[in-house]
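Results of the structural survey
Next come the chains, spelled out residue by residue.
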Amino acid sequence: MESRNNNNNNNNGFVNQSFVGSLNASTISIPGAYKTKDLTNGSKPDPVAPAAGAGAGAGAADNQPEAEAGAGQQGKQRASWNNDIEFLMSCIALSVGLGNVWRFPFTALENGGGAFVVPYLIVLILVGKPVYYMEMLLGQFSSRGSVKVYDFSPIMRGIGYGQVLATGIVTTYYATLMALTLRYFVDSFYPTLPWSYCRPEWGANCLDSGPQEASLTHAAQDAVRTTSAEFYFTNIILREKASIDDGIGYPSWSLALALAIAWVIIAGIMFKGVKSSGKASYFLALFPYVVMLILLVRALTLPGAFDGVLYFLRPQWHKLLEAQVWYAAVTQVFFSLAICFGNIIMYSSYNRFGQNIYRDANIVTTLDTFTSLLSGVIIFGILGNLAYENNTTDIASVVNGGPGLAFISYPDAIAKFKVLPQLFSVLFFLMLFVLGIGSNVGMASCLTTVIKDQFGHIKNWMIVVAIAVIGYLLGLLYITPGGQFVLNLLDFYGATFVALVLAIFELVAIGWIYGVKRLCRDVQFMLGIKTSLYYRLCWGVITPLLMFTILIYTLVQYEPLKYKDYTYQSGVYVFGWCLSAFGVGQVLFWAIPAVRRQPSNLSLWARIRKAFEPLPNWGPADPGTLKRYQLYVQEGQASAMFQRSSIWHKIYDNIFG
């Protein structure tokens, strides 16, 4: 895939001796090592020469106002991981989450079982791996968060702000899922699982989720019956209303307490930034696999488990011709890996400059896929047992999908275990809680990094506490009787749709405004490796086109959003689309000041064009490395002056140059 330059062993990145000259004699310490002291060892670094700055793509004098906005980026020490493994573990904890454990198996079920796995793997190769690697590269190369990373094209900085908005919305409701998980975790210690039996007030249509005699299973075949697990989740945990026309109600005190505990844990892990979250990442990344292995052994030893696993893996090839299957595969990869939300850029921005992120990106994306498949085997092994216990061969009939899947179908399945259901319930919900905390820490850290980059004088713990308090107060909305209605609305209009549109903007900005060719040169400078044709084609053509196709499919197939059978009032839809417009509109909103900061003596069109160019200080954070990079870019621009300038040649050169 990638060919490493064996002649370059410099941990500081690839440096071509022909144009570096005496700069190698710099007293700057090697940025390839993690440092807790001043990078310059007490010596003041030389200021970047204006001539070198011009080589970065824009004249230093011309872009001076914009450069001052990011002043100090190279001059101050940025926090970093304690070691390379902490970064890898943190990425695993972020990307391997609830989407792998409960979303993937049932997305596969709805889209042809084994037939879904084929397009899923194809999409992983064409979208997941290239974008994950690309975002890691930008973050590590620039040591900037998800907003400041757009210093490579200031007019596109609104993409970062829009992604922060989407991440903030997801962060607030994701924590409430942790509160629900914590509530179920505590309930699992009862001598009898509280969702395993019906209450009198639930009526005759309630069906015990716990083990029961076969004669009772078929007692009322003509009536549509609801399991006690669903009644428990809807009536006791959520206290859910039939509609929100008269308001959403008041928060549940037990869930409010659980939400507070979740945010205390999240804030505690983030308290000292990556120094503390990095240490916690070992447990957050590895513990879920311990539980999954225990559940795997148990699931595969259940009667009927083999039939369930076969159902999961047996392909239905005609499904490959359905657009919905490919749409489901793209969205699964997109949200499972947490790409295009700014989180990956944020985490990699704390790396040392020469870290081998090509290896790390491959490890995380492969492990994410493995976890999804492992979860599928576990879940369908359990479902095969449920079908066996109910004397049916229709695996799909024993479970319901949807947002409440983790809190209805799984508890219902666990309640049917005849041996130690409490133990497996405790392990399962503890695993879900740890998975969720790992992802939530990553998303909340993204918000912290953006604020810290903008207001460097504010202490990290103050930002963390503020985010936790605001996140908790907003999270109370989701634990009201109408909270799931609100969650469903904000998830689509504030997160999913906004992230999809901004992902396309991001891919175009990086692949065609900054340029695939220049990104590949940056990779060679930083890692000393040449980028393969596979990544070039994906970054430049395949991935953007595929994402654009998904967006068109989403708009064509759009129907007014519903929660269960409830249709929102028209004003709610107006609010939803306004929220989407606000998120996507950040691109235009932040483009205006980027243009206005350009020299006033230029025409409007010239100022717009200049706003697309990188800032003079764009590049590595270390001043010495930045000097070498600027000379490296200047040399590349000099050689480009002798190339043909036709539009088709520029397109070809951007991808293959």
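The following paragraphs examine the structure supplied in this document. Keep in mind that this is a model prediction, so the values were computed, not measured. (Residues numbered from 1 in each chain as written. Predicted model: local features only at pLDDT ≥ 70, side-chain atom pairs only at ≥ 80, totals over all residues. Heavy atoms only, no water.)

**Examining the packing of aromatic side chains**
Going through the model one piece at a time under the given rule, you end up with 53 aromatic pairs. Aromatic pair Phe 141 and Phe 353: ring centres 6.0 Å apart, planes at 40 degrees, arrangement tilted. A residue pair is termed long-range when its members are at least 10 positions apart, and Phe 141 in helix α6 (residues 114-142) and Phe 353 in the loop between α14 (343-348) and α15 (357-389) qualify at 212 residues. Here the two residues Phe 141 and Phe 353 agree in accessibility, since each one is buried. Taking the centre distance of 5.6 Å and the plane angle of 10 degrees together, the rings of Phe 233 and Phe 407 count as stacked. On the criterion of sequence distance, the pair formed by Phe 233 in helix α9 (residues 228-237) and Phe 407 in helix α16 (residues 405-415) is long-range, its members being 174 residues apart. Just as Phe 233 is buried, Phe 407 falls in that class too. (Phe/Tyr/Trp six-rings, centres within 6.5 Å; stacked < 30°, edge-to-face > 60°. Helix = DSSP H or I, 4+ residues; strand = E, 2+ residues; numbered from the N terminus. Buried < 20%, exposed > 50% of the residue type's maximum accessible area, 1.4 Å probe, protein only.)

**Section: the pattern of salt bridges**
The final tally for this structure, using the stated rule, is 10 salt bridges. When the shortest N-O distance is used, the salt bridge between Glu 240 and Lys 564 registers 2.7 Å. Pair noted here: Glu 240 is in the loop between α9 and α10 (253-270) and Lys 564 is in the loop between β5 (562-563) and β6 (566-567), with a separation of 324 residues, a long-range link. Classification of Glu 240 as buried rests on a relative accessible area of 15%. Lys 416 serves as the salt-bridge partner of Asp 412, at 3.1 Å between the closest nitrogen and oxygen. Accessibility assignment for this pair places Asp 412 and Lys 416 in one class, buried. Salt bridges sharing common partners tie together Arg 144, Asp 151 and Arg 157. (Salt bridge = Lys/Arg side-chain N within 4 Å of Asp/Glu carboxyl O.)

**Topic: the packing of helix α7 (residues 158-187) against α9**
Look at α7 against α9: their axes get within 13 Å of each other, and the N-to-C directions meet at 115 degrees. In the crossing of α7 with α9, the sense of the turn from one axis to the other is right-handed. Contacts between α7 and α9 involve Leu 180, Arg 183, Tyr 184 and Asp 187 from the first element and Ala 229, Tyr 232, Phe 233, Ile 236 and Ile 237 from the second. Of the residues in the contact of α7 with α9, the class split is seven nonpolar, no polar and two charged. (Axes fitted to C-alpha atoms, helices over the stretch in contact; angles between N-to-C directions. Left-handed = near helix turned anticlockwise from the far one by under 90°. Contact = heavy atoms within 4.5 Å. Nonpolar A, V, L, I, M, F, W, Y, C, P; charged D, E, K, R; others polar.)

**Let's talk about the packing of α7 against helix α22 (residues 586-596)**
The contact between α7 and α22 brings their axes to 7 Å, and the two run at 140 degrees. Judged by the inter-axis angle, α7 sits oblique to α22. The chirality of how α7 crosses α22 is right-handed. Of the residues in α22, those in contact with Gly 158, Ile 159, Tyr 161 and Gly 162 of α7 are Gln 586, Val 587 and Trp 590. (Parallel < 35°, antiparallel > 145°, perpendicular 65-115°, else oblique.)

**Side note on the side chain of Thr 181**
Tracing the sequence through the fold places Thr 181 in helix α7. Of the residues examined, Thr 181 reaches a relative accessible area of 1% and is grouped as buried. Among the polar contacts made by the side chain of Thr 181, one reaches the main-chain carbonyl oxygen of Leu 177 at a distance of 2.8 Å. Each residue touching Thr 181, except ones within four places of it in the same chain, is listed here: Phe 407, Phe 429, Leu 432 and Phe 433. (Polar contact = N/O pair within 3.5 Å; in protein donor to acceptor, adjacent residues only side chain to side chain.)

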